[in-house]
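So you can see what is in the structure, the chains are spelled out below.
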Amino acid sequence: MIQTTAGTTRKQDVKGGIPLAELANCKSCGKVFVKVSSPYCPECLKEQEKKFDKVYDYIKQQENRMSTVSQVHEATQVETALIYHWIHEGRLLTTMFPNLGYPCKSCGKIIQEGSICDDCRKRLERDIARLEKEEDLNTGDHRTTYHT
Ligand SMILES: [Zn+2]
Ligand SMILES: [Zn+2]
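This section reports on the structure supplied with the text. Just so it is clear, the model here is predicted, and its values are computed rather than measured.

The rules behind these values
Residues numbered from 1 in each chain as written. Chains lettered and ligands numbered in written order. Predicted model: local features only at pLDDT ≥ 70, side-chain atom pairs only at ≥ 80, totals over all residues. Helix = DSSP H or I, 4+ residues; strand = E, 2+ residues; numbered from the N terminus. Buried ≥ 20, exposed ≤ 12 C-beta atoms within 10 Å, placed from the backbone. Contact = placed C-beta atoms within 7 Å. Core = buried A, V, L, I, M, F, W, Y, C linked by C-beta atoms within 7 Å. Axes fitted to C-alpha atoms, helices over the stretch in contact; angles between N-to-C directions. Parallel < 35°, antiparallel > 145°, perpendicular 65-115°, else oblique. Left-handed = near helix turned anticlockwise from the far one by under 90°. Nonpolar A, V, L, I, M, F, W, Y, C, P; charged D, E, K, R; others polar.

The helix and strand tally for the chain stands at 4 helices and 4 strands. Counted from the first residue to the last, the chain has its helices and strands arranged as β-β-α-α-α-β-β-α. Put simply, the chain has 148 residues, and 13% of those count as buried. The long-range fraction of contacts in the chain, counting pairs at least 24 apart against all pairs at least 6 apart in sequence, stands at 20%.

Encoded structure:
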């Protein structure tokens, strides 16, 4: 049974408007909005942009380039989750800021590329190797960008 909570959500008239619009709850504030590509509502995105500028202004300075995520967080007060997100997205480049990283999805260890750490990857690779025999999975595009 579907219950509609009338009154709590404002009805928006989008007749003839955006086709294939998808309503979603903002990942940050929980508000319902029309999802385009981001899991965040426009207001939160704007906030995030401001925060990104703050983080970037801080870390782009020569003396701050070696900062870790927690140091950036302390200096800017921006949530570590957001900083991780930007690193993962590649907006904050670990080639430029070598001490930035984000936690491995599997064990939480700080990593700089992919979604999981080497240890977890090796574990997964063993599983994948088994799967590869069945599926024709080809991941030949390995990017190794280590600048030291
Ligand atoms: Zn929001
Ligand atoms: Zn791991």
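Let's shift gears to the nonpolar core. Ranked by size, the top nonpolar core spans 14 residues in total, and within it Val 55, Val 72, Ile 83, Ile 87, Leu 92 and Leu 100 carry the most contacts. Broken down by secondary-structure element, the contributors of at least two residues to this core are helix H1 (42–59), helix H2 (69–76) and helix H3 (80–89). Non-local contacts of Val 55, meaning those with residues more than four positions away in its chain, are made with Val 72, Thr 76, Val 78 and Ile 83.

Let's shift gears to unusual backbone geometry. Even without being a glycine, Gln 77 presents a positive backbone phi close to 65°. Mapped onto the elements, Gln 77 comes out in the loop between H2 and H3.

One way to put it is that H1 packs onto H2 with a least axis distance of 10 Å and a crossing angle of 115°. Of the possible angle classes, the one that applies to H1 and H2 is roughly perpendicular. As H1 packs across H2, the resulting crossing turns out to be right-handed. Contacts between H1 and H2 involve Lys 54, Val 55, Tyr 58 and Ile 59 on the former and, on the latter, Val 72, Ala 75 and Thr 76.

This paragraph deals with the packing of H2 against H3. It is at 9 Å that the axes of H2 and H3 come closest, and there the two elements cross at 125°. The orientation of H2 relative to H3 falls into the category oblique. Our pair here, H2 against H3, has a crossing hand that is right-handed. The residues of H3 that touch H2, namely those facing Val 69, Ser 70, Val 72 and His 73, are Thr 80, Ile 83 and Tyr 84. Tallied by class, residues from the contact of H2 with H3 come to 4 nonpolar, 3 polar and no charged.

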